[in-house]
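So the chains spell out like this:
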Amino acid sequence: MRPEAWTRPAPGARLYGLPGLALLCAMAPHVTVVPLWLAAVFIATGLWRLGAEARDWALPNRWLLAAATVALCGAIGWQYRTLFGREAGVALLYAMTSLKLLEWRVHGGQRDALVLMLLGYLLVMARMLYDQGPVTALWALASVALTLAAQVRVASDGGGPPVAAVARLVGGLLARAVPLALVLFVLFPRVPGPLWSLPQDAAARTGVGEDMSPGTIAELSRSDAVAFRVRFTGGLPAADRRYWRGPVLDRYDGRTWRMSEELPGEHFPQTEASQALSYVVTLEPSGRRWLYALDLPDSLPAQTGVTASGMLMRRSAVTEVVRYEQRSVLEYRTGPLASWERSRALRLPSTAAPRAQALGREWRTRFADPAERVQAALTMFRREPFRYTLSPPLTPTDAVDEFLFDTRAGFCEHYAGAFVALMRAAEVPARVVTGYLGGEPSPGGDYFIVRQSDAHAWAEVWLEGRGWTRIDPTAAIAPERVERGTASAIPDPDSLSLLSRRGESWVAIALLKLDALEYAWNEWVLAYGPERQRELLGWLLGWRDIDWRGLILLLVSALAIVGLALALLNRRSRRQGRDPLGRSYARFCARLAAIGLARQASEGPLSYRARIARLRPDLADATGQILVRYAELRFGEHPDPQRLRELNAQLRRFRPRA
């Protein structure tokens with residue numbers, strides 16, 4: 001390579017210290033979301049930059065950097081098949097920041113360093129697109145503080161004030177910014193939607209889906225990720241009543257159960273119901289439209305409808321933390337079954353599960369009462385050697401027949417799917433319901449945590465005079481699953497994640513206590529939408545029906561009050577910061593005035609010293625040292641900071657007696 005293809009870093013442009021630490025803090029968390037090869041690029045450019053500063057390594061010129069830019073853009077485009085969207089956009093930002101490390105030029109080095117600091121702010125904001133939890137928020141605050149401090153040092157040509165002075169400056173700026181940020185957060189009119197998000201943010205989230213095939217729920221049960229948290233405001237339902245209703249699956253193709261398209265409305269399917277139970281759900285992002293409720297929902301959250309099968313459906317997908325108040329009934333009776341609904345709840349592919357269909361037809365002939373056919377299936381599950389396991393044998397040919405008559409080992413989706421197939425063959429309308437079962441109480445017991453490991457599938461059959469009735473065939477095999485969770489029902493609980501086992505280890509207990517912090521954060525920050533804002537203002541001000549005009553009025557008033565308070569604080573700080581030596585001297589004179597030795601307006605420090613020595617010889621030595629030192633510092637050409645600290649120490653110890 002020709003020598004002119006390389007150049008040297010600016011003499012004062014150093015990555016050591018605050019700039020390097022700030023940039024590392026901003027970029028390190030992205031290692032979990034960018035490709036590993038891109039993280040390696042950052043490490044390589046960082047080491048190259050440090051080598052250029054420590055050992056005078058040459059840096060590439062602009063043409064080489066341009067070629068590297070094109071190459072990285074091509075690699076990112078190949079990795080993501082696009083240069084747009086969240087993942088590709090963050091990767092591009094990460095790559096360009098890495099290359100910018102090599103562009104600290106002899107000319108404009110300070111400008112390049114400031115650009116790097118601005119890129120650091122963008123990287124902090126980009127990380128918030130992936131996670132907005134309390135730990136990420138603390139990291140973002142620390143990263144912004146470091147970057148701001150580095151910006152102050154860089155703006156001073158690499159020199160500038162000492163670290164302690166920079167820390168005081170940054171702390172003061174943040175202390176003034178926090179009240180304004182709080183006022184804007186609490187009072188600015190909220191709009192539905194995520195705090196930090198792009199439209200496709202939740203596309204890759206896991207959770208209960210709109211279809212179910214063998215292994216679907218079992219795979220979810222290995223995850224201890226939180227699905228939602230719930231706080232009961234009334235009575236607490238028993239463990240065997242905590243069925244959280246999600247997608248209702250009534251279409252079967254011989255392998256997979258799927259949802260039918262249903263238009264949500266405002267009419268609930270139940271015609272008779274017990275007293276409703278009230279609770280509050282804080283739902284994690286899922287990328288799905290449905291909300292979860294105990295069987296059956298009896299109220300509608302905002303922007304939500306209910307389907308004929310009892311599903312709560314939002315107008316848009318859940319791409320942010322959603323908090324909603326809900327009521328449900330646990331004892332109910334649904335209305336009559338329409339002919340089209342009955343036809344759909346009895347449909348089975350003619351070629352699917354021939355042995356199961358033959359058994360169902362036999363029960364239909366033997367038992368006139370549909371309820372007896374239901375009991376026949378449950379009795380078969382109890383008496384035959386069925387096993388409940390997370391790792392059942394494969395059923396490649398016919399999932400239902402091979403499970404019922406060959407392997408007899410499966411998870412809840414195997415039992416629910418096979419049971420519904422048997423009921424349809426026996427001419428009992430039936431469907432699969434998926435969602436969650438149970439939940440783990442928090443350490444304080446004030447809310448429940450429902451994890452992905454609590455995912456479950458059960459069945460509903462339609463019986464004359466009772467309507468749709470929940471039947472959980474898993475309870476016939478492993479009743480402990482209903483009472484105590486998955487870990488107590490399977491023979492291999494070690495295959496579950498740590499928190500899914502519901503153990504008593506100190507690690508699990510500590511993580512559960514941390515969950516309380518995340519729950520509060522979700523409740524008051526991430527789920528702080530229009531309803532939560534009205535609730536808070538109603539509690540603080542008694543103004544529950546406030547509209548956007550009232551919010552704007554409150555916002556402007558609060559900003560004016562905070563701004564005035566900050567202005568007064570700044571004025572006082574400037575006044576106190578103008579002459580620290582004068583403040584110290586004023587305190588000294590005040591203490592002497594308290595014992596009858598007030599300084600006269602025209603009296604200088606040395607004249608004051610002479611008068612004190614004449615009137616109070618016992619104070620001559622102590623006051624004389626202080627006044628001489630003050631005169632030297634006040635009227636000398638170059639006041640010594642060390643002598644000022646010594647004078648302040650003397651003044652703190654000086655306590656004259658009357």
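Everything quoted here is computed from the prediction, not taken from an experiment. Position numbers for residues start from 1 in each chain and track the written sequence from start to end. In view of the model being predicted, local features appear only for residues whose pLDDT reaches at least 70, and side-chain atom pairs are presented and counted only at 80 or more, with totals across whole chains, interfaces and linings using the full set of residues. To obtain the side-chain values, all non-hydrogen atoms of the structure were included, while hydrogens and water were left out.

S.K.: Could you clarify how one ought to interpret the overall build of the protein in this entry?
M.R.: Counting from the N terminus, the helices are the DSSP runs of H or I reaching at least four residues and the strands are the DSSP runs of E reaching at least two. A count of helical and extended segments in the protein gives 22 helices and 21 strands. Using a 1.4 Å probe on the protein chains alone, a residue whose accessible area is under 20% of its type maximum counts as buried, one over 50% counts as exposed, and one in between counts as partly exposed. The 658 residues of the protein split such that 48% are buried. Should any heavy atoms of two residues lie within 4.5 Å, those residues are counted as being in contact. In the protein, of all internal contacts separated by at least 6 residues, the share reaching a separation of at least 24 is 72%. Carbon together with sulfur atoms contributes 59% to the accessible area of the protein, which is approximately 32400 Å² in total. Under the convention used here, a 1.4 Å probe and the Shrake-Rupley method define accessible areas, while residue burial counts only the protein chains that appear.

S.K.: Got a minute to help me understand the pairing of strand E20 (residues 455-463) in this structure?
M.R.: Side-chain direction in a regular strand flips from residue to residue, so the side chains alternate between the two faces of the sheet. The buried fraction of E20 is high, at 9 of 9 residues. Of the two faces of E20, both are covered, the one formed by Ala455, Ala457, Ala459, Val461 and Leu463 as well as the one formed by His456, Trp458, Glu460 and Trp462. Should DSSP find at least two bridges between two strands, the strands are taken to pair. Note: strand E17 (residues 430-437) against E20, 7 bridges, orientation antiparallel. Within E20, the position partnered with Thr434 by the bridge is Ala457.

S.K.: Please clarify how a nonpolar patch on the surface should be interpreted in this entry.
M.R.: Patch membership requires over 30% relative accessible area and the absence of a salt bridge. Like charges are linked within 9 Å, and nonpolar side chains (Val, Leu, Ile, Met, Phe, Trp, Tyr) within 5 Å. Every case where a carboxyl oxygen of Asp or Glu lies within 4 Å of a side-chain nitrogen of Lys or Arg is listed as a salt bridge. Judged by side-chain polarity, Trp539, Leu540, Leu541 and Trp543 come together as a nonpolar surface patch covering roughly 490 Å² of accessible area. Within the fold, Trp539 resides in helix H17 (residues 530-541). Under the relative-accessibility criterion, Trp539 is labelled exposed at 67%.

S.K.: How should I be thinking about the confidence of the model for the protein in this particular structure?
M.R.: In regions of low pLDDT, the predicted coordinates are not meant to be interpreted in detail. For the protein, per-residue confidence averages 83 on the pLDDT scale, and residues scoring 70 or more make up 87% of the total. Residue range residues 199-204 is modelled with pLDDT below 50. Its contacts to residues more than four positions away, or to other chains, number 10 contacts. pLDDT: the predictor's confidence for each residue, scored from 0 to 100.

S.K.: Is there a simple way to think about unusual backbone geometry in this case?
M.R.: Glycine aside, a negative phi is what most residues show, and trans is what most peptide bonds show. A cis geometry characterises the amide bond from Asp295 onward to Leu296, with omega recorded as -20°. Structurally, Leu296 can be placed in the loop between strand E10 (293-294) and strand E11 (304-306). In this structure, Gln303 takes a positive phi of about 60° despite not being glycine. With respect to the element layout, Gln303 can be found in the loop between E10 and E11. The exposure class of Gln303 is partly exposed, given its relative accessible area of 31%. Residues other than glycine seldom take positive phi values, yet Arg408 does so here, at roughly 55°. Position of Arg408 relative to the elements: it lies in the loop between helix H12 (399-407) and strand E16 (409-410).

S.K.: Can you help me understand the side chain of Thr45 in this one?
M.R.: Its location among the elements puts Thr45 in helix H2 (residues 36-54). Two N or O atoms count as a polar contact when they lie within 3.5 Å, although within protein this holds only if one can serve as hydrogen donor and the other as acceptor, and sequence-adjacent residues are included solely when both atoms are side-chain atoms. Within the structure, Thr45 has its side chain in polar contact with the backbone oxygen of Phe42 (distance 3.0 Å). For Thr45, the contacting residues outside a window of four places in its chain are Ser98, Leu101 and Leu102.

S.K.: Explain a positive patch on the surface to me, please; I cannot follow it from the model alone.
M.R.: Charged-residue counts in this description rest on Lys and Arg as positive and Asp and Glu as negative, His and the chain ends being excluded. Just so you know, the charge point we use is NZ for Lys, CZ for Arg, CG for Asp and CD for Glu. Positive charge collects at one region of the surface, where Arg583, Arg587, Arg652 and Arg653 lie side by side. Contributions of two or more residues to the positive patch are made by helix H19 (580-593) and helix H22 (641-653). Counting through the fold element by element, Arg583 comes out in helix H19.

S.K.: Help me understand the sheet that holds E11 in this model?
M.R.: Sheet strands pair via backbone hydrogen bonds, and the direction of the pair is either parallel or antiparallel. Across the sheet, which stays open at both edges, the 3 strands sit in the order E9-E12-E11 with antiparallel pairing between neighbours. Every other strand in the sheet has two partners, leaving strand E9 (290-291) and E11 as the edge strands with one partner each. The sheet contact formed by E9 and strand E12 (residues 312-314) spans 2 bridges and is antiparallel. Its bridge partner being in E12, Trp290 is matched across the sheet by Met313.

S.K.: How should I be thinking about the packing of aromatic side chains in this particular structure?
M.R.: Two aromatic rings, drawn from Phe, Tyr or Trp (for Trp, its six-membered ring), form a pair once their centres lie within 6.5 Å of each other, and the interplanar angle then sorts them: stacked below 30 degrees, edge-to-face above 60, tilted otherwise. The tally for this structure, following the rule as stated, stands at 23 aromatic pairs. Plain terms: the ring middles of Phe386 and Phe403 are 5.6 Å apart, the flat faces sit at 50° to each other, and that makes the pair tilted. Of the two residues, Phe386 sits in the loop between helix H11 (370-383) and strand E15 (387-388) while Phe403 sits in helix H12, which places them 17 residues apart along the sequence. Assigned by exposure class, Phe386 and Phe403 land together as buried. Taking the centre distance of 6.5 Å and the plane angle of 40° together, the rings of Tyr388 and Tyr415 count as tilted. Residue Tyr388 is found in strand E15, and its partner Tyr415 is found in helix H13 (residues 412-425); the two are separated by 27 residues along the sequence. Per residue, the accessibility class of Tyr388 equals that of Tyr415, and both read buried. Here the aromatic cluster, defined as three or more aromatic residues joined through ring pairs, consists of Phe228, Phe232, Trp244, Tyr279, Tyr292, Tyr436 and Phe448. Think of it as a cone above the ring: NZ of Lys or CZ of Arg counts as a charge over the ring if it is within 6 Å of the ring centre and within 35 degrees of the ring normal. One cation-aromatic arrangement involves Arg470 over Tyr243; the distance from NZ or CZ to the ring centre is 4.1 Å.

S.K.: Looking at this structure, how should I read the pattern of salt bridges?
M.R.: As a working rule, side chains carrying opposite charge can pair if their charged atoms are close by. Inspection of the entire model under this criterion finds 26 salt bridges. Note that Arg86 is salt-bridged to Glu87, the shortest N-O span being 2.7 Å. Judged by its relative accessible area of 28%, Glu87 falls in the partly exposed class. In this structure, the salt-bridge partner of Arg231 is Asp446, at a minimum N-O distance of 3.5 Å. One end of the pair, Arg231, is in strand E4 (residues 226-232); the other, Asp446, is in the loop between strand E18 (440-441) and strand E19 (448-451), with 215 residues separating them in the sequence. When salt bridges with common partners are traced through the structure, they connect Arg245, Asp295, Glu341, Arg431, Glu460 and Arg470 into a single cluster.

S.K.: Even after reading the chapter, I still don't get the side chain of Glu320, so can you show me in this structure?
M.R.: Turning to its location among the elements, Glu320 is positioned in the loop between E12 and strand E13 (322-328). Side chain to side chain, Glu320 and Thr319 meet in a polar contact 3.2 Å long.

S.K.: Hey, could you run me through the sheet that holds E4 in this one?
M.R.: Reading across the sheet, the 5 strands line up as E13-E8-E4-E19-E18 and stay open at both edges, with antiparallel pairing between neighbours. Sheet topology places E13 and E18 at the edges, where each strand pairs with a single neighbour. Of the pairings in the sheet, the one linking E4 to strand E8 (residues 277-283) comprises 5 bridges and is antiparallel in character. If you follow Phe232 over to E8, its bridge partner there is Tyr279.

S.K.: I tried to follow H12 on my own but got confused; where do I start?
M.R.: Working note: α-helix, 3.6 residues per turn, so residues spaced by three or four point in the same direction. Those residues of H12 not exposed but buried are Ala399, Val400, Asp401, Glu402, Phe403 and Leu404. The inward-facing, buried residues of H12 abut strand E5 (243-252), helix H10 (354-366), H11, E16 and H13. Its side-chain oxygen at 3.3 Å from the backbone nitrogen of Val400, Asp398 defines the N-terminal cap of H12. Where H12 ends, the next residue or the one after it, Arg408, has phi of about 55°, a positive value.

S.K.: In this structure, what is going on with the pairing of E4? I would like to understand it.
M.R.: Counting buried positions along E4 gives 6 out of 7 residues, so the element sits mostly inside the fold. In terms of strand pairing, E4 meets E19 through 4 bridges, oriented antiparallel. Paired with Val230 across the bridge in E19 is Phe448.

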